[in-house]
Amino acid sequence: MPSERLDRIVVWDQVGDFSEREKAALAWTEALTELEPRTDFASLRARLREHFSDNEISVITSTVAMINLWNRIQISRH
């Protein structure tokens, strides 16, 4: 059921519900959102390139960046 799969997105890296393509995008999304100093962005980009074109990676990156911006603006309004 789609809603059950969506419920498990918070544990995407611990369940078998997601394809390798989806896991690459989710890992990239998480890295761009959490901004941990120890994150190896080169390996994450390499993983993305196994499944996505450079244009698709740009779209994913831009989308994540915009959503993160909106979230940060919303948080700043409190």
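Residues numbered from 1 in each chain as written. Predicted model: local features only at pLDDT ≥ 70, side-chain atom pairs only at ≥ 80, totals over all residues. Heavy atoms only, no water.

Considerations on the environment of Asn 68
Worth spelling out the cut-off: Where helices and strands are cited, they refer to DSSP runs of H or I of at least four residues and of E of at least two residues respectively, numbered from the N terminus. For every residue, the accessible area obtained with a 1.4 Å probe (protein chains only) is divided by the maximum for its type, and the residue is called buried under 20%, exposed over 50%, and partly exposed between those limits. Contacts between residues were defined by any pair of non-hydrogen atoms, one from each residue, lying within 4.5 Å. Residues adjacent in sequence count toward polar contacts only when both atoms are side-chain atoms; beyond that, a polar contact is any pair of N or O atoms within 3.5 Å, and within protein one must be able to donate a hydrogen and the other to accept it.
For Asn 68, the position within the fold is in helix H4 (residues 54-76). With a relative accessible area of 10%, Asn 68 lands in the buried category. Not counting chain neighbours up to four residues away, the residues in contact with Asn 68 comprise Leu 32 and Thr 33. One polar contact links Asn 68 to Thr 33, side chain to side chain, over a distance of 3.2 Å.

Examining the packing of aromatic side chains
This is how it is decided: Each aromatic pair joins two rings of Phe, Tyr and Trp (for Trp, the six-membered one) with centres within 6.5 Å, and gets the label stacked for planes under 30 degrees apart, edge-to-face for over 60, and tilted for any other angle.
Evaluation of the coordinates by the stated rule reveals one aromatic pair. Measuring from ring centre to ring centre gives 6.0 Å for Trp 28 and Phe 41, while their planes differ by 90 degrees; the resulting arrangement is edge-to-face. Of this pair, Trp 28 sits in helix H2 (residues 20-34) while Phe 41 sits in helix H3 (residues 41-49), placing them 13 residues apart in sequence. Residue classification places Trp 28 among the buried positions, given a relative accessible area of 5%. A relative accessible area of 23% means that Phe 41 is categorised as partly exposed.

A closer look at the environment of Ile 60
Among the structural elements, Ile 60 can be located in helix H4. Residue Ile 60 is classed as buried on the basis of its relative accessible area, which comes to 17%. Sequence-wise, Ile 60 and Trp 28 are 32 residues apart; in three dimensions their C-alpha atoms are separated by 8.6 Å. Contacts of Ile 60, omitting those with residues within four sequence positions, involve Ala 25, Trp 28 and Phe 52.

Observations regarding a nonpolar patch on the surface
For the record, the criterion: The patches described consist of residues with a relative accessible area above 30% and no salt bridge, like charges being joined within 9 Å and nonpolar side chains (Val, Leu, Ile, Met, Phe, Trp, Tyr) within 5 Å. Computed by Shrake-Rupley with a 1.4 Å probe, the accessible areas treat only the displayed protein chains as cover when residues are assessed. Criterion for a salt bridge: a side-chain nitrogen of Lys or Arg within 4 Å of a carboxyl oxygen of Asp or Glu.
Where nonpolar side chains cluster on the molecular surface, the patch consists of Met 66, Ile 67, Leu 69, Trp 70 and Ile 73 and spans about 480 Å² of accessible area. Along the chain, Ile 67 turns up in helix H4.

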